[in-house]
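Each chain, written out:
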Amino acid sequence: MDGRSLQEVLDNARLDGRAALMADVKFISPRDGLLLRPEDLEGYLAELVAGGVEAVSTPTDPVHFGGGIELAARIRALCPLPLMRKEFFNAIEQVDESADAGFDAVQLSVNTVVEPGLLERMIARSERLGLEVVVGAHEPEHVARALELGAKTIAVNNRDIVALELDTGTVSRTESLLSAIPPEVRVISESAFHTPEDVVRAVAAGADAVLVGTALAQSPDPAGLARRLRAGTVRCPT
Ligand SMILES: O=C(O)c1ccccc1NCC(=O)[C@H](O)[C@H](O)COP(=O)(O)O
């Protein structure tokens, strides 16, 4: 794992009384089209780091998100931050492939890893290989399943990945699902963040991190937007 840990980023943020800012580096969005050209990757990652982004994810699906293992390997080489893989996982071998490509974490979403028993096997294999596991959820029953599986970190996706995120989504999904997650479980609120106010809402609901993709990629000033979003991550005392 080379000393990079997504869990540590989230735990340190919690200790500091704030949430962590994560960026999802995706090249294409099924809803919004081209977001990032591979030739612009290096400059874009530098902007994210300058803006205070603390961890990165990337979807490796080539068909809908324009990603791939080679692009992920480039992100790994260019960026010192913890890196999480998102994918429509359907085979245990993809866990080994993730470790080989230099990922630090994998997001295994309850609603996409559907083959019976595969999610459990992928979690076990990831842990054996030293990959951190984030279990993705979008509906209350997904959260229940994630907790049943003993998830230590749950990603609440505000948009519906099964419908390829053609929906808009809002942070209200995080607000409604978070009450079912015990405080010792880390929560990443993902997707549909546009403004610092969206971030403030997720943090007030109890999220340990927010993950932003489209808004950063579409911004003419990704570092500036990251700084403004990060300002919303400070937890107000209750
Ligand atoms: O969530 C997954 O499991 C997933 C699987 C395969 C490809 C992509 C996947 N997720 C992508 C995302 O959830 C979003 O791109 C990410 O949260 C950023 O969302 P947004 O800020 O709304 O662009």
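Reading the values: the criteria
- Residues numbered from 1 in each chain as written.
- Predicted model: local features only at pLDDT ≥ 70, side-chain atom pairs only at ≥ 80, totals over all residues.
- Near = placed C-beta within 6 Å.
- Helix = DSSP H or I, 4+ residues; strand = E, 2+ residues; numbered from the N terminus.
- Pairing = 2+ DSSP bridges.
- Axes fitted to C-alpha atoms, helices over the stretch in contact; angles between N-to-C directions.
- Core = buried A, V, L, I, M, F, W, Y, C linked by C-beta atoms within 7 Å.
- Buried ≥ 20, exposed ≤ 12 C-beta atoms within 10 Å, placed from the backbone.
- Contact = placed C-beta atoms within 7 Å.
- Arc of directions from axis to C-beta.
- Right-handed = clockwise from strand over helix to strand, strands pointing away.
- Parallel < 35°, antiparallel > 145°, perpendicular 65-115°, else oblique.
- Left-handed = near helix turned anticlockwise from the far one by under 90°.
- Nonpolar A, V, L, I, M, F, W, Y, C, P; charged D, E, K, R; others polar.
- UniProt positions renumbered as here; feature names shortened; annotations may be inferred.

A. Fine view of the site of the ligand. Near the ligand lie 24 residues; those nearest to it are Pro59, Ser109, Ser191, Gly213 and Thr214. When contributions to the shell around the ligand are tallied by element, the ones reaching two or more residues are strand S6 (105–109), strand S10 (209–212) and helix H10 (214–218).

B. Structural detail: the sheet that holds strand S5 (residues 83–86). Taken in spatial order, the 8 strands of this closed barrel run S1-S4-S5-S6-S7-S8-S9-S10, and their pairing is parallel. Neighbouring strand axes in the sheet, compared pairwise and without regard to direction, differ in orientation by 25° on average. Sheet analysis places strand S4 (residues 55–59) next to S5, joined by 4 bridges and oriented parallel. Counted as the bridge partner of Thr58 is Arg85 from S5.

C. Summary view of the nonpolar core. With 71 residues, the main nonpolar core has Met22, Val56, Ile154, Ala209 and Val210 as its most contacted residues. Once residues within four sequence positions are removed from consideration, Val56 is found in contact with Met22, Ala23, Val25, Leu48, Ile75, Cys79, Leu81 and Leu83.

D. How the structure looks around helix H11 (residues 222–231). Within H11, the full set of buried residues consists of Pro222, Leu225, Ala226, Leu229 and Arg230. Buried residues of H11 fall within an arc of 135° about the axis and therefore sit on the same side. Looking at the buried residues of H11, the elements they touch are strand S1 (20–24), helix H2 (41–50), helix H9 (196–205), S10 and H10.

E. The pairing of S10, seen in detail. Neither face of S10 is exposed, since Ala209 and Leu211 on one face and Val210 and Val212 on the opposite face are all buried. Here S1 pairs with S10 via 4 bridges, running parallel. The residue bridging Ala23 from the neighbouring strand is Val212, located in S10. Pairing of strand S9 (residues 186–190) with S10 involves 3 bridges; the strand directions are parallel. Bridge pairing in S10 links Ser189 to Val210. Note that the unit made of S9, H9 and S10 has a crossover that is right-handed.

F. Here's a closer look at the packing of H2 against H11. Packing of H2 against H11 brings their axes to within 7 Å, and their N-to-C directions diverge by 30°. The angle between H2 and H11 places the two elements in the roughly parallel class. Handedness of the crossing formed by H2 with H11: right-handed. For the pair H2 and H11, the contacting residues are Tyr44, Glu47, Leu48 and Ala50 in the first and Pro222, Ala223 and Ala226 in the second. By residue class, the composition of the contact of H2 with H11 is 6 nonpolar, no polar and 1 charged.

G. Just the UniProt feature "domain: Indole-3-glycerol phosphate synthase" (unreviewed entry) in the protein, in detail. The UniProt record marks residues 4–227 with the feature "domain: Indole-3-glycerol phosphate synthase" (unreviewed entry), using the residue numbering of this structure. Between the end C-alpha atoms of residues 4–227 the distance is 22 Å, and the span holds 40% helix and 19% strand.

H. A look at the pairing of S5. Because side chains alternate across S5, one face comprises the buried residues Leu83 and Arg85, and the other comprises Met84 and Lys86, equally buried. Relative to S6, S5 is paired through 3 bridges, and the arrangement is parallel. Across the sheet, residue Lys86 finds its bridge partner in S6, namely Gln107. Crossover S5 to S6 through helix H5 (residues 93–100) is right-handed.

I. Representation of the environment of Glu87. Topologically, Glu87 is positioned in the loop between S5 and H5. Distance from Glu87 to Leu36, taken between C-alpha atoms, is 18 Å for residues 51 residues apart in sequence. Discounting chain neighbours no more than four positions away, the residues touching Glu87 are Pro59, Thr60, Asp61 and Gln94.

J. Geometry of the packing of H5 against helix H6 (residues 118–129). H6 packs onto H5 with a crossing angle of 30° between their chain directions and a minimal axis gap of 9 Å. Accordingly, the angle class assigned to the pair H5 and H6 is roughly parallel. Handedness of the H5/H6 crossing: right-handed. Between H5, through Val95, Asp96 and Ala99, and H6, the contact on the second element is made entirely by Met122, Arg125, Ser126 and Leu129. Among the residues forming the contact of H5 with H6, the class breakdown is 4 nonpolar, 1 polar and 2 charged.

K. Quick look at unusual backbone geometry. Even without being a glycine, Leu164 presents a positive backbone phi close to 60°. Checked against the element boundaries, Leu164 lands in the loop between strand S8 (153–157) and helix H8 (172–177). With a phi close to 55°, Glu165 is a non-glycine residue in the positive phi region. The buried category is assigned to Glu165, around which 23 C-beta atoms lie within 10 Å.

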